Structures are given as C-alpha cells and as structure tokens.
Amino acid sequence: MDSDTLEQLVDIPYPQHPHCATVLVLDTSASMKGSKIAELNEGLKILADELVHDDLAAKRIDLAIITFGRSVEVIQPFTGIIQFEPPELEAGGYTPMGAAILEAASLIEKRKAEYRETGVDYYRPWIFLITDGQPTDMSRGDTRWQEVTGVIHSGEADRKFLFWALGVDQANMSILRELSPPNRTPLQLREAQWSEMFLWLSRSLAKISDSRIGEQINLENPTGPDGWGVVPL
Amino acid sequence: MDGALSRSETLMSIPEGSDIKKNNRLLWITGASVKGRRHEQSGQPCQDAFAISGEGERWGVAVADGVGSATHAETGASIAVNKAVQSLLSREQNCTESQGEDLIRYAFLQAREAVVTEARAKGVSPSELASTLIVGYFKAGKICIGHIGDGIVVGVKSGELKILSSPDTGEYANETACLVENNWEDNLRIIQPTEIDQCIIATDGCQGALAIRKGGKFQPYEPFILPLLSFISRKLGEHGNPDSDIAGLLASQRMQEFSGDDKTLVVLVNPHHPDHPEG
C-alpha cells in the first residue's frame, strides 16, 4: 500500500450533475411568417451550437420547446443539449399563447417530479416566452387570463420557476407586462438582434448551470447600449 | 481552547505530533480542507473550514462550508467552526446522553452569535458571513451530530456503513440552509448519540463521492469510503499521519474534476473497535 496513493485506491463515482429544465415557448403564428420565423430557426441553431460547446451547460440544461400557432405543440420534449436537434419551425395560425404557457408550467412540474423520482438534483426551472403579437385565446380579465396570470405570478412567488417574456416586432408589450411577474419587466427585441438575443440566452443558461449554492444569478443586462433588448416604457 | 486546531487555509492538515494523534488513543481525528478549482481560478480563498477540540475521551469536531455569494464566507465559516467546538467543550462536563441534544443546540447558538457579532463589527449583513455547519460531539464511542445545510456525515459500525446525516439542500441544487438565517433552529437537524467505529464528516465538495442517490435516497458509496477508511486506519495504526494523503486526494485531478467546490473531509477513528489494528 505504500506505493498506492489514496487517489489510486478509491473509486470516485461519476458526478451527478444537477439539471436545469428550460422551456422555450415560441410564437409560430401567421404573423411570424417570413424573416421572423427564419431568424427564430437560426436563433435555435445558435443556441444549440453555443450550449453544446459549454461543458457544464451541455451536461446540465434540459431543453423543451413549445410552439403556439396552428396549435399548441410540444415540438421538443425535454432533452439534453447534446441530443438536441434544432427544429425547423413553420409559421401559421392564431396565437394561443395562454394555452402554451399553461402547457409549459405543467411540463415543468412533470419534469421536476421525474427528477425527484430518479434522485436528480435540479435548479429552479426557466420559461422563456418569445412572441411578436398578443394572445388570441384569452383577453384581459377572462377566465383563461386569470388562470394564466395566476399560474405565472404564483409560480414565481412560490419559486416554482422563473418566467421571462421577450417581445419582438409588434408584440403587445402592455399585455406582456401584465402577464409577467410583477418584478420582471418584459424585454423587447431591437430590430435585427435575434442572434444576440439567443447568444444572451445561451450565456444566461450557461451561467445558471454553473451556479453554486447561495449564488445570486446576475444575468447580463440585455438593455444596455450594446444589448439586444429594450425595456418598453 | 484546549487542543484546538482550526483549519482555514488551502491544503490544511493537522500538525505532526499533535495531541490528537500521538497521545490520545481514545480517538484519532485526521482531515484536510482543499481549495476547489473554482476558487483557484477566481483567486478567491478556500471558504471551507474545520476545527477540532477536545481531550481524553471527549472531542468536538465542526465543519463548515462558506456560501459562495457571501463576501466574507471564509471568515463566517472559520468563526462558526471554532466557536462551535469551543462551546461544546466549555459547557460539557458530565453530560449525559440525553443532554447531547442540548449541548449541540448550545454550540450552534454560540457559533451563530459569534458570526452575527462579527458581521456587526464589520458593518455588514450576517448573510455576508453565511455558511453551513456540521458539529459532531464524540464521547465514549458515540457521536451526536447537529447539521444545518448541505454536507454529509457517514458512520461505520461493525463494518456497516450508514448515512448519519444527509445533505439538506432544499428543492433546488443551488440552495441550502445556513447558520445565520433567522429560522436556523427549524433547519437544525440533530442526530442522537450513535455508536461508531469510524465516521466521516465532509462538505458538499466531497458529498457526491461519499454517497450516491438511489430512488431519491442517499446511500453510502462503498467503493470510495471503504478503501479510504482502510488506508487511514492502517496508516494511523503504523503511527503515520494521513492528513497529507487526504489533502492529496482532495486536490487530485480526479476529485477536482468531480467537483470544482472547496472540499473538506474529516475522519474520526475509534482505535478500540475490533477491526482496528490497535483495537
């Protein structure tokens, strides 16, 4: 044993990485046709490419994609970044944003239950909503509106997930502001800054997946002079 | 503080010739703290700390992990462990088994007060000195444990491994309970005196090597623990000092790749158990 070091004697188990469930809720309604859907598809490729090259994020981020347009569809169930193949989204239909948000919250709860069942540690999940319009499946004050805002606001308050709303082009920022948690102002994409937005998203996810106990996550401010976003007044 | 040894530097070890190993045959204690790769890269200090104090058949051990976001985490962790072991032994005289819980609670109360006082002196919020804390009180072959936050305690009795205290991480991976929180008493878990032959106390940088989760429950990881304890017991039996071996393991590339966190691992060996060379 004299020649053996402790390092040689012990077996170190394969590290169990904590996972971070992230849901992208993407608007694929008819108004996204043309350059916007092309930019969105390109953005997903950028996101996948950036994250796959980040060692920790590649192991820890579980990504799901929900689209809302012709229908609400879980176009990508939760998958690891290495297995993730960016989909080619097509635009069409209305904007059933409310149902898509509810689906995202439900998907996250199911995923957390799976983590608990299998003994996987996990970070607080994230929902990123990207839209260029306004919901067509709910109006301010109606039952669905109450349900959706309730799910978002209580989800944040009860620390079930973090919700970000990102508006592009003609997005109704007033609606997004009311949907968003009280302390989280929705962000508006500056023109032609799609790739920067997805780069920010990948850096944010990389930062989250590398966060330590008790750390405050300070995401980059996307609204600075060189940022991709503005806070609508 | 009689026989007290506190650790707050990188690659800490108990000095050769300390009372703990040379003169006291009622309990051996060995351990090390090592700065994690994350703090190496950022130039931050090791925010783990441990302290040992005692004499004869009674010993106190405390291990703390400073919270990454706290600006004085290493100070908080160091104060917490030193005050905890000091309090254990200043209070304890002929403590009965049933009083073990009170003793542990007292040590946490004192440790917390000392940290809060230091925060006040520095003019900062106590959360800037936040840390986890594990305190073990060993007497007459039994260990009583108090635990706030993550980290882990594994005990061995008659060759059987048992998790004595599991990490309490809250729902999310980047959250844990801390000593300085107002509701610290709600988060304090006390494990009643338990007979041990050997015991390992470690911070979260090591906990994944000591236990793996199966079906949501932590289970001791024997391929790591058994060779470790066997090596240490044998080296102590040969009057060697395993501190540098433990430090070497914690600083090894494999362990640093396993976790970038600071790592502390302290081992208590009761030399009178039947399997020990000197038992």
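Below, the structure is looked at part by part.

### Details of the overall build of chain B
Thought 1: Looking only at helices and strands, chain B features nine helices and 13 strands.
Thought 2: Burial status across chain B gives 54% buried among its 279 residues.
Thought 3: Counting contacts in chain B only where the partners sit at least 6 residues apart, residues at least 24 apart contribute 70% of the total.

### Here's the deal with the overall build of chain A
Thought 1: Along the backbone of chain A there are seven helices and seven strands.
Thought 2: Of the regular secondary structure in chain A, the N- to C-terminal order runs α-β-α-α-β-β-α-β-α-β-α-β-α-β.
Thought 3: Burial analysis of chain A (233 residues in total) assigns 42% to the buried set.
Thought 4: Put simply, 72% of the contacts in chain A that link residues at least 6 apart link residues at least 24 apart.

### Concerning helix α2 (residues 35–52) of chain A
The periodicity of an α-helix, 3.6 residues per turn, causes residues three or four positions apart to be oriented the same way.
Residue and element names in this part refer to chain A.
Thought 1: The first and last C-alpha atoms of α2 sit 26 Å apart over 18 residues, in line with the 26 Å expected at 1.5 Å per residue.
Thought 2: Among all positions of α2, only I37, L40, G43, L44, L47 and L51 are buried. Looking down the long axis of α2, one finds its buried residues gathered within 110 degrees of arc, a one-sided arrangement.
Thought 3: Considering only its buried residues, α2 is in contact with β1 (20–27), α3 (55–60), β2 (61–68) and α7 (194–209).

### Considering the interface of chain B and chain A
Thought 1: On the side of chain A, 25 residues touch chain B, which itself brings 35 residues to the contact.
Thought 2: When contributions to the side of chain B that touches chain A are tallied by element, the ones reaching two or more residues are α6 (204–210), β11 (211–214), α7 (222–237), α8 (243–251) and α9 (253–258) of chain B.
Thought 3: Top contributing element to the side of chain B that touches chain A by residue count: α7 of chain B, with six residues.
Thought 4: For the side of chain B that touches chain A, the residue count by class is 17 nonpolar, 11 polar and seven charged.

### Some words on the sheet that holds strand β7 (residues 152–157) of chain B
Residue and element names in this part refer to chain B.
Thought 1: What the five strands build is an open sheet, ordered β2-β13-β10-β7-β8; its pairing is antiparallel. This sheet does not close on itself; its edge strands, each paired only once, are β2 (28–34) and β8 (160–165). Looking at each pair of strands side by side, their axes are set apart by 15 degrees on average, direction ignored.
Thought 2: Judged from the five bridges that link them, strand β10 (residues 198–202) and strand β13 (residues 263–269) form a sheet pairing that is antiparallel. Paired with Q198 across the strands is V269, a residue of β13.
Thought 3: Of the strands in this sheet, β2, β7, β8, β10 and β13 touch α7, which is tilted by about 60 degrees from β13.

### A closer look at unusual backbone geometry
Thought 1: Its identity is not glycine, yet D169 of chain A carries a phi of approximately 50 degrees, on the positive side.
Thought 2: Examined against the element boundaries, D169 of chain A turns out to sit in the loop between β5 (162–167) and α6 (173–179).
Thought 3: Here the phi dihedral of H239 of chain B falls at roughly 65 degrees; this positive angle occurs in a residue that is not glycine.
Thought 4: For H239 of chain B, the position within the fold is in the loop between α7 and α8.

### Re the nonpolar core
Thought 1: In this structure, A62, V81, A84, L133, V135 and L210 of chain B are the most contacted members of the largest nonpolar core, which totals 82 residues.
Thought 2: Here this core gets nine residues from one element, more than from any other, and that element is helix α3 (residues 73–91) of chain B.
Thought 3: Every residue in contact with A62 of chain B, bar those within four places of it in the chain, is listed here: F50, A51, V81, A84, V85, L133, I134 and V135 of chain B.
Thought 4: Counting residues in hydrophobic clusters, the runner-up holds 61 residues, among them F161, A165, W194 and L201 of chain A.

### Focus on the packing of α3 of chain B against helix α4 (residues 100–122) of chain B
Residues and elements named next belong to chain B.
Thought 1: Direction vectors running N to C along α3 and α4 enclose 140 degrees, while the axes themselves pass 8 Å from each other. Considering the angle they form, α3 stands oblique to α4. Viewed along their axes, α3 and α4 form a crossing whose handedness is right-handed. Each of T75, G76, I79, A80, K83, A84, S87, L88 and R91 in α3 lies in contact with α4, whose residues at this interface are L103, Y106, A107, F108, Q110, A111, A114, V115 and E118.
Thought 2: Its residues assigned to classes, the contact of α3 with α4 comprises 11 nonpolar, four polar and three charged.

### Observations regarding the pairing of β10 of chain B
All names here are of chain B.
Thought 1: The element β10 is extensively covered by neighbouring structure, given that five of its five residues are classed as buried.
Thought 2: Covered by surrounding structure in β10 are Q198, I200 and A202 together with C199 and I201, the residues of both alternating faces.
Thought 3: In this sheet, β10 lies alongside β7 in antiparallel orientation, the contact comprising five bridges. Bridged to V156 within β10 is Q198.

### Section: the environment of G36 of chain B
Residues and elements named next belong to chain B.
Thought 1: Relative to the helices and strands, G36 is located in the loop between β2 and α2 (37–42).
Thought 2: Between the C-alpha atoms of G36 and S233, which are 197 residues apart in sequence, the distance is 26 Å.
Thought 3: Apart from the residues lying within four places of it in its own chain, the contact partners of G36 are G205, S259, G260, D261, D262 and K263.

### Topic: the packing of α2 of chain A against α7 of chain A
All names here are of chain A.
Thought 1: Their axes nearest at 9 Å, the elements α2 and α7 cross at an angle of 30 degrees. Between α2 and α7 lies a crossing of right-handed hand. From α2, E39, E42, G43, I46, L47, E50 and L51 reach across to α7, where they touch W194, S195, M197, F198, L199, L201, S202, L205 and A206.
Thought 2: Grouping the amino acids of the contact of α2 with α7 by side-chain chemistry returns 10 nonpolar, three polar and three charged.

### Things to note about the pairing of β2 of chain A
Side-chain direction in a regular strand flips from residue to residue, so the side chains alternate between the two faces of the sheet.
Residue and element names in this part refer to chain A.
Thought 1: Of all eight residues in β2, eight are buried; the element is thus mostly enclosed.
Thought 2: Side chains of β2 alternate between two faces, with I61, L63, I65 and T67 and D62, A64, I66 and F68 buried alike.
Thought 3: As paired strands, β1 and β2 are joined by eight bridges and run parallel to one another. Paired with V23 across the two strands is A64, which belongs to β2.

### So, helix α5 (residues 143–157) of chain A
All names here are of chain A.
Thought 1: In this model, α5 (15 residues) spans 21 Å end to end at C-alpha, consistent with the 21 Å of a helix rising 1.5 Å per residue.
Thought 2: In this structure, the buried side of α5 is in contact with α4 (97–118), β5 and α6.
Thought 3: Phi turns positive one or two residues past the end of α5, at R159, with a value near 60 degrees.

About the cut-offs
- Numbers given to residues run from 1 along each chain, matching the order in which its sequence is written.
- For this description, chains carry letters from A and ligands carry numbers from 1, given in the order in which they are written.
- Confidence filtering applies because this is a predicted model: local features only for residues at pLDDT of at least 70, side-chain atom pairs given and counted only at 80 or more, and all residues used for totals across whole chains, interfaces and linings.
- Secondary structure is summarised from DSSP: a helix means a run of H or I of at least four residues, a strand means a run of E of at least two, and numbering begins at the N terminus for each.
- Working definition of burial: number of other C-beta atoms within 10 Å of the residue's own, with buried at 20 or more, exposed at 12 or fewer, and partly exposed in between, all C-beta atoms being placed from the backbone.
- Whether two residues are in contact is decided by their C-beta atoms, placed from the backbone, lying within 7 Å.
- What a helix is expected to span follows from its residue count: subtract one and scale by 1.5 Å.
- Throughout, the arc means the angular range of directions from the helix axis out to the C-beta atoms.
- Classes in brief: Ala, Val, Leu, Ile, Met, Phe, Trp, Tyr, Cys and Pro nonpolar; Asp, Glu, Lys and Arg charged; the others, Gly included, polar.
- What makes two strands pair is DSSP finding at least two bridges between them.
- Comment: axis = line fitted to C-alpha atoms, over the contacting stretch for helices; angle = value between 0 and 180 degrees taken between N-to-C directions.
- Only buried residues count toward a nonpolar core: Ala, Val, Leu, Ile, Met, Phe, Trp, Tyr and Cys, linked into one set through C-beta atoms within 7 Å.
- Roughly parallel means an angle under 35 degrees; roughly antiparallel, over 145; roughly perpendicular, 65 to 115; everything else is oblique.
- In a left-handed crossing the near helix is turned counterclockwise from the far helix by less than a right angle, and in a right-handed crossing that turn is clockwise.

Note that every value here comes from positions in space, so none of it alone points to a role or purpose.
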